Amino acid sequence: MNKKIMMPLIVVLILLAGAAAWLFFSLEEQKQVNRDMQELAELDKQEMENEYERFALQYSEMKTQINNDSIVEQLTQEQMRTQQLLEELKRVKSDDAREIARLKKELATVRAVLRDYVMQIDSLNRLNENLKAENSRQAAELQQRNTQIAGLSSEKASLSEKVAIAAQLDATNIQTLLLDKRGKSTKRLKDCRQMQVSFTITKNVTASNGNRVVYVRIQNPGGNTLGGGGTFAYENRTIECSMKKTVEYTGEETAVVTYWNVSQMLEAGDYRVSIFADGNMIGSRTFSFK
């Protein structure tokens, strides 16, 4: 085969292979995030089921603590209602957000009603020694349920953290350009009248769309911030920034350019540029200027 044809063909094949590999890993990453979110929903539903079961068990326990037939009848009705809601929850699919939300509101109501009955029964104070052994057994069952719920909550928190990390923005290709009074590029700090910082927010299909305020912080060789952009919150404290910009983020790769007007003498050395968004530092880079 003619070399003039073969070389471009090899290059095209290599590019196609690279694109296919990138697409494959992007799809796998998205599938993993979707699986994590589905597992999170399943754990949330399982946690609700455990709470309904625990409340039903508490109603059963409370009925053994009193001799008031009227209250026992009321407790029985509330227990049956709790059992009915539990059966409804078991039949609901974890991805049925509307029904899950309804049953979660019902769970809050059951919890409030149960709390009221607990206060009533405590005020009656009619527990006797013969029932303490049964209460201990019920308490052990409740503890077992609580332990299961605690384990589910821990696993749910871990998955929530993974989803949040996957949704975090990332700034790449950070560049800094010195501009003179005519807006032309210059390499000398003494001629600089404006500093341009540009970067790219990478594509992230997991992150939510909408306006984002992006903060750019430039620190001189002495570690001091070149101010002028106001302040923002980061890691439970307020820090100064050089400039900020509101960016409409759609989940696709987004180019951002910001400018800082020189308001002080610039010294030669290393300048650190840091990018922040959503309370996170999403990128940083150090530049040397003479």
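Reading the values: the criteria
- Residues numbered from 1 in each chain as written.
- Predicted model: local features only at pLDDT ≥ 70, side-chain atom pairs only at ≥ 80, totals over all residues.
- Heavy atoms only, no water.
- Helix = DSSP H or I, 4+ residues; strand = E, 2+ residues; numbered from the N terminus.
- Buried < 20%, exposed > 50% of the residue type's maximum accessible area, 1.4 Å probe, protein only.
- Contact = heavy atoms within 4.5 Å.
- Areas by Shrake-Rupley, 256 points an atom, 1.4 Å probe, with all protein chains shown as cover.
- Pairing = 2+ DSSP bridges.
- Axes fitted to C-alpha atoms, helices over the stretch in contact; angles between N-to-C directions.

Engineer: Before we go on, may I ask you to explain the overall build of the protein in this structure?
Structural biologist: Scanning the protein from terminus to terminus reveals four helices and nine strands. Relative to its full complement of 290 residues, the protein shows a buried share of 35%. Excluding contacts between residues fewer than 6 apart, the proportion of contacts in the protein whose partners are at least 24 apart in sequence is 67%. Surface exposure of the protein reaches about 17,900 Å², of which carbon and sulfur atoms provide 51%.

Engineer: Before we go on, may I ask you to explain the environment of threonine 202 in this structure?
Structural biologist: With respect to the element layout, threonine 202 can be found in the loop between β2 (194–201) and β3 (210–219). Taking the C-alpha atoms as reference points, threonine 202 and aspartate 170, 32 residues apart in sequence, are found 5.8 Å from one another. In this view, threonine 202 contacts Asp170, Thr172, Tyr249, Glu252 and Glu253; residues no more than four positions away in its chain are not counted.

Engineer: Would you explain the sheet that holds β3 in this entry?
Structural biologist: Here four strands make up an open sheet; going across it, the order is β6-β3-β8-β9 and the pairing antiparallel. Two strands bound the open sheet, and with one partner strand each, they are β6 (243–249) and β9 (280–289). Ignoring strand direction, the axes of neighbouring strands in this sheet form an average angle of 20 degrees.

Engineer: What am I meant to see in unusual backbone geometry here?
Structural biologist: Trans is the prevailing form of peptide bonds, just as negative phi is the prevailing case for residues other than glycine. The phi angle at asparagine 173 is positive, at roughly 55 degrees, despite the residue not being glycine. Within the fold, asparagine 173 resides in strand β1 (residues 171–179). Backbone geometry places aspartate 278, a non-glycine residue, at a positive phi of 55 degrees. Residue placement: aspartate 278 occurs in the loop between β8 (269–277) and β9. Judged by its relative accessible area of 47%, aspartate 278 is partly exposed.

Engineer: Explain the sheet that holds β2 to me, please; I cannot follow it from the model alone.
Structural biologist: Strand pairing in a sheet relies on backbone hydrogen bonds, with the paired strands running either antiparallel or parallel. Here we have three strands laid out as an open sheet, ordered β1-β2-β7, and antiparallel in their pairing. Since the sheet does not close on itself, it has two edges, and those belong to β1 and β7 (254–261), each with one partner. Taken over all neighbouring pairs, the strand axes of this sheet differ in orientation by 15 degrees on average, direction set aside.

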